[in-house]
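Tertiary structure, described
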Amino acid sequence: KTPTPTTSCTRASPPEQNQLMINTAIENYPELRAQMADWPLFLQDVLAPNTLLGKRIVVTGAGDGIGKALAKSLACFGADVILLGRTRAKLETAFDWIKQHTQTDPVIVPCDLARLDTDTVNALAESISDHYGSLQGLVHNASMLGPKIPLVHYPADQWQTVMQTNVNAVFMLNQGLFNLLDQGDPSCVIHVSSSVGLQGRAYWGAYSASKFALEGLNQILADETETAGQIRVYSVNPGGTRTAMRREAYPLEDPQTLPIPEHHMSLFLFLLVGSLLPGQISKPLPATGAQLDARSWQS
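Residues numbered from 1 in each chain as written. Predicted model: local features only at pLDDT ≥ 70, side-chain atom pairs only at ≥ 80, totals over all residues. Heavy atoms only, no water.

1. Concerning the environment of phenylalanine 268
Stated formally: By the criteria applied, helices consist of DSSP H or I runs no shorter than four residues and strands consist of E runs no shorter than two, each listed in order from the N terminus. Each residue is assigned to one of three classes by its accessible area relative to the maximum for its type, calculated with a 1.4 Å probe on protein chains only: buried under 20%, partly exposed between the two thresholds, exposed over 50%. The contact definition used throughout considers only heavy atoms, calling two residues in contact when any of these lie within 4.5 Å.
If you trace the backbone, phenylalanine 268 turns up in helix α11 (residues 265-276). When its relative accessible area of 1% is taken as the criterion, phenylalanine 268 is described as buried. Excluding residues within four positions of it along the chain, phenylalanine 268 makes contact with Ile66, Leu70, Val139, Ile190, Val192 and Val236.

Below, the structure written as structure tokens:
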């Protein structure tokens with residue numbers, strides 16, 4: 001079924017009021033505010049309440065975990081976020097927070113990536129074009145873990161569902177939204193990967209294989225767009241993070257030993273702001289196609 005965007009358009013506020021509202025957003029986001037104190041100075045120096053004003057960014061898996069943190073963080077700095085995810089109630093929670101605390105124009109797109117097809121992607125592209133007129137960012141955060149069992153016992157139908165969610169849907173969104181990303185403004189595509197996409201590990205099955213494929217998609221898209229220089233492409237491995245998927249993968253692990261999703265926002269913002277606003281950040285961006293480990297970034 002074609003997802004129906006839920007939109008809410010508001011009249012622009014005076015700059016002073018807009019800045020006050022977005023600063024209030026950060027004050028009302030204590031998890032992000034606490035992390036910002038440790039952000040590198042070259043990022044702190046460039047980030048302001050309206051840094052990403054007029055930038056439209058799709059975030060998949062935006063209802064929970066890293067995706068929700070990223071959607072809220074981008075909105076705090078002025079971006080209009082298209083929140084795509086499977087569970088409407090979770091998307092609406094993030095949407096309501098953004099509408100309450102910022103003057104941005106978010107949209108929710110309830111969509112099960114396991115059932116994504118080209119008609120749905122085309123409808124999404126048309127909706128984004130009609131509502132915003134442009135698109136500058138696409139962050140593929142949504143993933144499905146699948147069972148952690150030996151390959152010899154892996155159910156074929158579950159293998160196909162994981163690969164559809166983690167790989168095929170990414171390909172379809174990259175393809176279907178490409179023309180919007182390639183319209184003229186600098187843009188950025190980020191693929192959220194995993195350590196098991198760089199080194200295979202027993203019992204990680206389709207999830208590991210899908211992340212290997214994701215790294216391949218990242219490299220291919222980067223190579224195909226490098227010469228034009230319009231779209232920058234990255235792969236980000238967050239490492240162990242306090243999310244629902246991590247609890248599913250490691251049920252006996254103490255979640256308090258892991259960083260919260262907001263811990264990784266500085267890396268995502270560095271890549272997105274640096275890509276969408278060339279020259280704004282003093283630190284050079286990694287080469288397009290780079291694989292980045294959030295743990296190394298923080299150290």
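2. Remarks on unusual backbone geometry
Even without being glycine, tyrosine 203 reaches a positive phi, approximately 75°. Within the fold, tyrosine 203 resides in the loop between β6 (187-192) and α9 (205-225).

3. Observations regarding the packing of helix α4 (residues 65-76) against α11
The following threshold applies: Only the stretch in contact is used when a helix axis is fitted, and all axes are lines through C-alpha atoms; the angle between N-to-C directions ranges over 0 to 180 degrees. Our angle categories are set so that under 35 degrees counts as roughly parallel, over 145 as roughly antiparallel, 65 to 115 as roughly perpendicular, and the remainder as oblique. For a crossing to be left-handed, the near helix must be turned anticlockwise from the far one by less than a right angle; the clockwise case is right-handed. All residues other than Ala, Val, Leu, Ile, Met, Phe, Trp, Tyr, Cys, Pro, Asp, Glu, Lys and Arg, Gly among them, are scored as polar; the first ten of these are nonpolar and the last four charged.
It is at 10 Å that the axes of α4 and α11 come closest, and there the two elements cross at 55°. In this view, α4 runs oblique relative to α11, as classed from their interaxial angle. Every pair of crossing elements has a handedness; the one defined by α4 and α11 is right-handed. Between α4, through Ile66, Ala69, Leu70, Ser73 and Leu74, and α11, the contact on the second element is made entirely by Met265, Phe268, Leu269 and Leu272. Taken together, the residues of the contact of α4 with α11 break down into eight nonpolar, one polar and no charged.

4. Thoughts on the nonpolar core
Put simply, the test is: As used in this record, nonpolar core signifies buried Ala, Val, Leu, Ile, Met, Phe, Trp, Tyr and Cys residues forming a set joined through side-chain atoms within 4.5 Å.
Residues Leu74, Phe77, Leu83 and Phe268 are the most contacted members of the largest nonpolar core, which totals 49 residues. The greatest single-element share of this core, amounting to nine residues, is contributed by α11. Once residues within four sequence positions are removed from consideration, leucine 74 is found in contact with Leu52, Ile57, Val59, Ala79, Val81, Leu269 and Leu272. Judged by nonpolar contacts, the second largest core, of 27 residues, contains Ala125, Ile128, Ala142 and Leu177.

5. Notes on the side chain of serine 193
Our working rule: Here a polar contact means two N or O atoms within 3.5 Å. Within protein one must be a hydrogen donor candidate and the other an acceptor candidate, and residues neighboring in sequence count only if both atoms are side-chain atoms.
Here serine 193 lies in the loop between β6 and α9. For serine 193, the side chain forms a polar contact with the side chain of glutamate 215, separated by 2.7 Å. Not counting residues within four places of it along the chain, the set of residues in contact with serine 193 comprises Lys211, Leu214, Glu215, Ser235, Val236, Asn237 and Pro238.

6. Observations regarding the pattern of salt bridges
Going by this rule: Salt bridges, as used here, are contacts in which a Lys or Arg side-chain nitrogen is within 4 Å of a carboxyl oxygen on Asp or Glu.
Using the criterion set out here, one finds five salt bridges in the structure. Between aspartate 80 and arginine 56 there is a salt bridge, with its nearest N and O atoms 3.2 Å apart. Placement of the pair is aspartate 80 in strand β3 (residues 80-85) and arginine 56 in strand β2 (residues 56-60), with a sequence separation of 24 residues. The exposure class of arginine 56 is buried, given its relative accessible area of 17%.

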